[in-house]
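Architecture at a glance
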Amino acid sequence: MLTIPSRELTPADHELIAYARAIVDENTDGDGGVHTMGAAVRDADGRMHGGINLYHFTGGPCAELVALGCARACGARQLTTVVAVGNLGRGPVGPCGRDRQILFDYHPSIRVLLPTPDGVRSARITDLMPLAALWTPDEGTQPYDPALFTDPAPEDPPPGR
């Protein structure tokens, strides 16, 4: 059985969840709507950036990707935490495989807030992508690097971020 290391949520994590929840609650289309997920990311400066999914039958972007784009457009280059929240009170939802790969490639030190058997917890994206190979825009897919999967020191940003 695969065990994924996780930690309890911080007050800043709860704030990020509330921000994502407000985005989806204020912008969902209702029961049959297409805007069903809100997401929020926190950057290294402590700023929060949000997004909502853009559903389209061709596979529009997930809320997490919209939030990443919003953060980038605001100048954020280092992101520390991400969460997606479902509409109609569904709470935090883990990222899909495509989102996990993009988070891993662009922000390999990011923490993801997601439901676990122990409740909503925080996990490193590297722990959600065991044995993954990093992709970069300049060099494409890189050989497996075990250093990506060891605990950095320090692992997390200071409390409150």
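Keep in mind that this is a model prediction, so the values were computed, not measured.

**Focus on the overall build of the protein chain**
Secondary structure assignment for the protein chain yields 4 helices and 8 strands. Compactness check: the protein chain gives a C-alpha radius of gyration of 15 Å against a globular reference of 15 Å for 161 residues, within 12% of the reference. Buried residues in the protein chain amount to 39% of all 161 residues. Split by element, the accessible area of the protein chain, about 8,600 Å² in all, is 57% carbon and sulfur. Charge-centre separation for the protein chain: the mean point of 13 positive side chains lies 2 Å from the mean point of 20 negative side chains.

**Considering the side chain of N87**
Among the secondary structure elements, N87 is positioned in the loop between β3 (79–86) and β4 (91–93). At a separation of 2.8 Å, a polar atom in the side chain of N87 contacts the side chain of T28. Here the side chain of N87 touches R90 through a polar contact of 2.9 Å, side chain to side chain.

**Section: the pattern of salt bridges**
Evaluated as defined, the whole model comprises 4 salt bridges. A salt bridge links E8 to R121, with the shortest nitrogen-to-oxygen separation between them at 2.5 Å. In this pair, E8 is assigned in the segment before α1 (11–27) and R121 in strand β6 (residues 119–124), connecting sequence segments 113 residues apart. Accessibility expressed as a relative area gives 57% for E8, which makes it exposed. Across the pair E15 and R42 runs a salt bridge, and its minimum N-O distance is 2.8 Å. With E15 in helix α1 and R42 in strand β1 (residues 37–43), this residue pair connects regions lying 27 residues apart in the sequence. Exposure remark for E15: the relative accessible area of 41% places this residue in the partly exposed category.

**A short note on the side chain of D13**
Secondary-structure assignment places D13 in helix α1. No salt bridge is formed by the buried D13, whose closest oppositely charged neighbour, R7, lies at an N-O distance of 4.2 Å. When sequence neighbours within four positions are dropped, the list of residues in contact with D13 reads R7, E8, T81, L113 and S122.

**Quick word on the nonpolar core**
Nonpolar side chains in soluble globular proteins tend to end up buried together. Counting 24 residues, the largest nonpolar core has V41, L79, L103, F104, V112 and I125 as its most contacted members. Looking at this core, the elements that each hand over two or more residues are β1, α2 (63–73), β3, α3 (97–106), β5 (111–116) and α4 (125–128). Sort the elements by how many residues they give to this core and α2 lands first, with 5 residues.

**Focus on the environment of Y106**
With respect to the element layout, Y106 can be found in helix α3. For Y106 and G69, which are 37 residues apart along the polypeptide, the C-alpha to C-alpha distance reads 12 Å. Here Y106 is in contact with W135 and P137, once residues within four sequence places are set aside.

**Considering a nonpolar patch on the surface**
Taken together, the side chains of V34, Y55 and F57 present a nonpolar region at the surface, about 370 Å² in accessible area. Overall, Y55 belongs to the exposed group, its relative accessible area being 54%.

**Describing the pairing of β5**
In terms of strand pairing, β3 meets β5 through 3 bridges, oriented parallel. Within β5, the residue paired with T81 across the bridge is R111. Direction of pairing for β5 relative to β6: antiparallel, over a ladder of 6 bridges. Considered in β6, the bridge of L113 is made with S122. Remark: 2 residues form the turn of the hairpin made by β5 and β6, two consecutive strands paired antiparallel.

What counts, and where the lines are drawn
Residues numbered from 1 in each chain as written. Predicted model: local features only at pLDDT ≥ 70, side-chain atom pairs only at ≥ 80, totals over all residues. Heavy atoms only, no water. Helix = DSSP H or I, 4+ residues; strand = E, 2+ residues; numbered from the N terminus. Rg over C-alpha atoms; globule rule 2.2 N^0.38 Å. Buried < 20%, exposed > 50% of the residue type's maximum accessible area, 1.4 Å probe, protein only. Areas by Shrake-Rupley, 256 points an atom, 1.4 Å probe, with all protein chains shown as cover. Lys, Arg positive; Asp, Glu negative; His and termini not counted. Charge placed at Lys NZ, Arg CZ, Asp CG, Glu CD. Polar contact = N/O pair within 3.5 Å; in protein donor to acceptor, adjacent residues only side chain to side chain. Salt bridge = Lys/Arg side-chain N within 4 Å of Asp/Glu carboxyl O. Contact = heavy atoms within 4.5 Å. Core = buried A, V, L, I, M, F, W, Y, C linked by side-chain atoms within 4.5 Å. Patch = residues over 30% accessible without salt bridge, like charges linked within 9 Å, V, L, I, M, F, W, Y side chains within 5 Å. Pairing = 2+ DSSP bridges.

Such coordinate-based values are descriptive only and should not be taken to indicate function.
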